[in-house]
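Here is what each chain is made of, one letter per residue.
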Amino acid sequence: MSSNTDQNDAGFFGHPKGLSTLFFTEMWERMSYYGMRALLVLFMTASLQEEGLAFTVAAAGAIYGLYTGAVYFLGLPGGWIADRLLGRQRTIWYGGIIIMCGHIVLAIPTSWSFFIGLILVATGTGLLKPNISAAVGHLYQPDDVRRDSGYALYYMGINMGSIIGYAVCGYFGENVGWHWGFGAAAVGMAIGLIQYRRTIHNLGDASLNPENPLSPEKAKLAWRIIGAVVVGVAVITGLVMNGTITINPVEIAKYVAVAFTLTFLAYFGFIYFGGQLSGSEKKKMWALFLVCVASTFFWSGFEQAGSSLNLFGRDYTDRLIGSFEMPTSWLQSFNSIFIITLSPFFAALWINLGKRMITPSYGLKCALGLIIMASGFLVMFFAAQYAAAGLKVAPYWLVATYFLHTVGELCLSPVALSAVSKLSPRRFAGQMMGVFVLTYSIGNLFAGLLSGNFDPNNVAEMPNLFLQISLFTIGVGIILALISLKSKYWETDSEAPQNTATAEGSTKTA
């Protein structure tokens, strides 16, 4: 079975028709995810009179980081399940169903529904997210020059969904009721599932079966272990809900951040040292490691959008348009609007540079994106100074920040996804996408911990917080850019002829 579609398939804007299936499925999934995510910190920090949870900013930031971090951490077992048990097509389907159930639970206005709903959404996203991203790469032959452009288009679908989510869930959540916003997210995921099932034939046999299936005996054991883990999580959740176990979200977030980082290094090292890789594959793994480092630092800054920047928009930004007050969550949609506007230009840029034999390394593109994103916090440094002086600032300060974050995102995120698809050893493709998505997890955890320093009662500290984030991240970007001058040769190192034949045979039987 071939895991790639026909090289001549060009049924979706010059790309394989299967891209349309994944494009719209991911669009609606991201609608549900970002729409709900935009409300999380606002809901947790809202007072009881506002029907919120009345959490402190530090606790809300830590929970936000734990949730968004768990969303991506669970991509690691999600990739493994697809590679060894279900195949990507089925894993995507079941993940979407669990996500929809999670949003439905969140929409129930009770004290127990919030955390259970978050657990379900995080679990479902862990199954869906890494596998739908990897499935995009499997629509193309290894030497197909459309790959980077295809990921850019796919990324545009993500942001179309987020705009819908911010607009719909944000409006219902802030103006009708928080749980109405969560319910709107459930409807969006349901639409995505219907679309996926009706158009799944476009994928053909790409990503249909596991890349490296377990034997029947080992598969049964794996399902038993998965069942035991689910039961364990349910028991612990029940004990927390009835007060038997008390947790400190800030302390837990710190320990989990360390644990996730060690897990990333251990899993990456296991594949590198124990995966029987060729010399060429090991060099590409080093190049991919630089991309992972850049991604981790990028998301720790970028994900301030849902936490500290979200609170800045609520408390210190003048959102009045005539007599209408713009919902706070709508400000986050500018990132997605800029993505949709600029994505076609970046997609064309990489293709045109390739035609002119100018091919910046993946590492250099990612380092540049990191530096540009970090410059957005310099804008917030000046905006926070006005806020510290007791003024409400105009929305264009946040808009300018989101513009710089968007340019950085377009330099890094779709390029990094393409890098994982291209540089990963073929037989570990799903697991490596899970390992890469773990960088989102680590970045989100640090983002949540950083946002906990955002104290609405101590606004004078805000300028220094934004300045420190900016300068440190720019420094990391410069170091990675210098190293990338060498990593370009690692990325293009080719196999010996006999290894190439083996790789081709593996592709045909995957």
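Keep in mind it's a predicted model, so treat the numbers as computed, not measured.

## Notes on the packing of helix α10 (residues 279-302) against helix α13 (residues 362-388)
- Here α10 crosses α13 at 15 degrees, and the two axes come no closer than 9 Å. Put simply, α10 runs roughly parallel to α13. Relative to α13, the crossing made by α10 is left-handed. On α13, the residues that touch Val291, Ala294, Phe297, Phe298, Gly301 and Phe302 of α10 are Tyr362, Gly363, Cys366, Gly369, Leu370, Met373 and Phe377.
- Residue classes in the contact of α10 with α13 are distributed as 10 nonpolar, three polar and no charged.

## Looking at a nonpolar patch on the surface
- The grouping of Ile119, Leu221, Ile225, Val229 and Val233 at the surface amounts to a nonpolar patch, some 410 Å² of accessible area in total.
- If one sorts the elements of the nonpolar patch by residue count, helix α8 (residues 216-241) sits on top with four residues.
- Among the secondary structure elements, Val233 is positioned in helix α8.
- By relative accessible area, which is 38% here, Val233 ends up partly exposed.

## Structural notes on the pattern of salt bridges
- Within this structure, the stated rule accounts for eight salt bridges.
- A salt bridge links Glu29 to Arg30; the shortest N-O distance between them is 2.6 Å. Arg30 shares its class with Glu29; the two are buried.
- The salt bridge partner of Arg37 is Glu303, with a shortest N-O separation of 2.5 Å. Residue Arg37 is located in helix α1 (residues 18-45), and its partner Glu303 is located in the loop between α10 and α11 (308-316); the two are separated by 266 residues in the primary sequence.
- The exposure class assigned to Arg37 is buried, which follows from its relative accessible area of 2%.
- Via salt bridges that share partners, Asp83, Arg88 and Glu211 belong to a single interconnected network.

## A look at the nonpolar core
- Counting residues in each nonpolar core, the largest one holds 132 residues, and the members touching the most others are Met36, Tyr67, Phe312, Met432, Phe436 and Met462.
- At 16 residues, α1 tops the list of elements feeding residues into this core.
- Those residues in contact with Phe312, other than ones at most four positions away along the chain, are Thr317, Met380, Ala383, Ala384, Ala387, Val393, Leu398, Phe454 and Met462.
- Counting seven residues, the second-largest nonpolar core is a separate cluster that includes Ile81, Leu86, Leu214 and Ala219.

Conventions and cut-offs
- Residues numbered from 1 in each chain as written.
- Predicted model: local features only at pLDDT ≥ 70, side-chain atom pairs only at ≥ 80, totals over all residues.
- Heavy atoms only, no water.
- Axes fitted to C-alpha atoms, helices over the stretch in contact; angles between N-to-C directions.
- Helix = DSSP H or I, 4+ residues; strand = E, 2+ residues; numbered from the N terminus.
- Parallel < 35°, antiparallel > 145°, perpendicular 65-115°, else oblique.
- Left-handed = near helix turned anticlockwise from the far one by under 90°.
- Contact = heavy atoms within 4.5 Å.
- Nonpolar A, V, L, I, M, F, W, Y, C, P; charged D, E, K, R; others polar.
- Patch = residues over 30% accessible without salt bridge, like charges linked within 9 Å, V, L, I, M, F, W, Y side chains within 5 Å.
- Areas by Shrake-Rupley, 256 points an atom, 1.4 Å probe, with all protein chains shown as cover.
- Salt bridge = Lys/Arg side-chain N within 4 Å of Asp/Glu carboxyl O.
- Buried < 20%, exposed > 50% of the residue type's maximum accessible area, 1.4 Å probe, protein only.
- Core = buried A, V, L, I, M, F, W, Y, C linked by side-chain atoms within 4.5 Å.

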